[in-house]
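Listed below, chain by chain, are the residues.
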Amino acid sequence: FPACPAADLYTIIMAAAAAAAADGAEEPGMDAEAQELPLGCGGGGGSPAAGRSPEGEERREPPQASVSNGGDEDRGRELVELKVIWNKNKYDVKFCLDSTGAELKQKIHSLTGLPPAMQKVMFKGLLPEEKTLREIKVTNGAKIMVVGSTINDVLAVNTPKEAAQQEVKAEENKKEPLCRQKQHRKVLDKGKPDDVMPSVKGVQERLPTVPLSGMYNKSGGKVRLTFKLEQDQLWIGTKERTEKLPMGSIKNVVSEPIEGHEDYHMMAFQLGPTEASYYWVYWVPTQYVDAIKDTVLGKWQYF
């Protein structure tokens, strides 16, 4: 090599090093551009930026799925068409075949308002909550029968007994008192019998060991009541005859205070299936009324 001044040789070496450094920095950028290009392409000569978000990230289109009334969670899942029948109403439903009976109950709740706990769902028997519709072989067009009542229906039916009894009592109070009705008035107008047993108002007593006497029947004749507890019989005696009635044959016992003489009651024993079979007795001392009812209708604490 020809001899060169030292300054010129230094200049040549530094220029060569700078050129090499410039070539090395350019190549990685080209490789990166070559790798990113296919990801941004939609295929067939698109722009390098195609398919990329403004931030430079890849934008992917969501997969398409069939649409059903089963909800977004059923997208892409196998559906089955069902006919849900409840309370004379029919619902056409598309539901996921791999959903459980419990999930179907939730769907029925959304349709009918019937809480799952109050549903009885039937498909070839009671629908198991833990199994899927596929496992119990539910097919397209299957009928799902639902039995149950909404909370409002239950509350409407199950009226508290006390409220119902109060309503009945209110209706009875609107009716004319028995002692004012013509059929009873003709007996009561005769007045209190002279030999009637004394009454004790505001007290309940056990049945006496002797017959209850001095009372009238509906014909105005004298009548007495004898309770034969050892024979489970009630003897109704008049001047003409004595009727011996098994207490189990008496359907009911009703009574009402006599207006103006509340320490005495008029009382009826129901001997047949209707009120027409009532045997009426008038001027029963009030202290024995509850004991008579309990004894005839089966409460035996009074002997």
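Residues numbered from 1 in each chain as written. Predicted model: local features only at pLDDT ≥ 70, side-chain atom pairs only at ≥ 80, totals over all residues. Heavy atoms only, no water.

Quick look at the overall build of the protein now. The number of helices and strands found in the protein is six helices and 11 strands. Taking contacts inside the protein between residues at least 6 apart in sequence as the whole, the part at least 24 apart equals 47%. Total accessible area on the protein is roughly 20,200 Å²; 53% of this is exposed by carbon and sulfur atoms. (Helix = DSSP H or I, 4+ residues; strand = E, 2+ residues; numbered from the N terminus. Contact = heavy atoms within 4.5 Å. Areas by Shrake-Rupley, 256 points an atom, 1.4 Å probe, with all protein chains shown as cover.)

The topology assignment puts Gly125 in the loop between strand S3 (120–122) and strand S4 (142–147). The spatial distance from the C-alpha of Gly125 to the C-alpha of Met145 is 9.7 Å, given a sequence separation of 20 residues.

Here Thr132 is to be found in the loop between S3 and S4. Taking relative accessible area as the criterion, Thr132 reaches 15% and is therefore assigned buried. In this structure, Thr132 is in contact with Leu97, Asp98, Ser99 and Thr100, ignoring residues within four places of it in sequence. (Buried < 20%, exposed > 50% of the residue type's maximum accessible area, 1.4 Å probe, protein only.)

This part covers helix H2 (residues 101–112). The end-to-end C-alpha distance of H2, which contains 12 residues, comes to 16 Å, matching closely the 16 Å that a straight helix rising 1.5 Å per residue would cover. Where H2 is concerned, the buried positions are Gly101, Leu104, Lys105, Lys107, Ile108 and Thr112. Seen along its axis, H2 keeps its buried residues to an arc of 160°; they face one direction. Check the buried side of H2 and you find it contacts strand S1 (79–86), strand S2 (89–96), S3 and S4. At the C-terminal side of H2, Gly113 shows a positive phi close to 80°. (Expected span 1.5 Å × (residues − 1). Arc of directions from axis to C-beta.)

In this section: the environment of Cys179. Along the chain, Cys179 falls in the loop between helix H4 (161–174) and helix H5 (182–188). In the structure, Cys179 is positioned 86 residues away from His265 in sequence and 9.5 Å away in space, judged by C-alpha atoms. The contacts of Cys179, once residues within four sequence positions are left out, are Arg185, Leu188, Glu256, Pro257, Glu259 and Met266.

Applying the stated criterion across every chain, the model contains eight salt bridges. Two residues, Glu243 and Arg241, come together in a salt bridge whose shortest N-O distance is 3.4 Å. Residue Glu243 is classed as partly exposed on the basis of its relative accessible area of 33%. For Arg241, a relative accessible area of 58% gives the class exposed. (Salt bridge = Lys/Arg side-chain N within 4 Å of Asp/Glu carboxyl O.)

Glancing now at the sheet that holds S1. Strand pairing in a sheet relies on backbone hydrogen bonds. The paired strands run either parallel or antiparallel. Across the sheet, four strands lie side by side as S2-S1-S4-S3; this open sheet has mixed pairing. Both outer strands of the open sheet, S2 and S3, are each paired with one neighbouring strand and no more. Each strand of the sheet is rotated relative to its neighbour by a mean of 30°, with strand direction disregarded. Bridge count for S3 against S4 is three bridges, and the pairing is antiparallel. Along S4, the bridge assignment pairs Lys120 with Val147. Across the sheet, H2 touches S1, S2, S3 and S4, and the angle it forms with S2 is around 140°. (Pairing = 2+ DSSP bridges. Axes fitted to C-alpha atoms, helices over the stretch in contact; angles between N-to-C directions.)

Right, let's talk about helix H6 (residues 289–297) for a bit. Helical periodicity: at 3.6 residues per turn, an α-helix aligns residues three or four positions apart in one direction. Among the residues making up H6, those that are buried are Val289, Ala291, Ile292, Asp294, Thr295 and Val296. Residues of H6 that are buried in the fold lie against strand S5 (212–217), strand S6 (222–228), strand S9 (252–258), strand S10 (261–270) and strand S11 (278–285). Count one or two residues on from H6 and you reach Gly298, which has phi positive near 115°.

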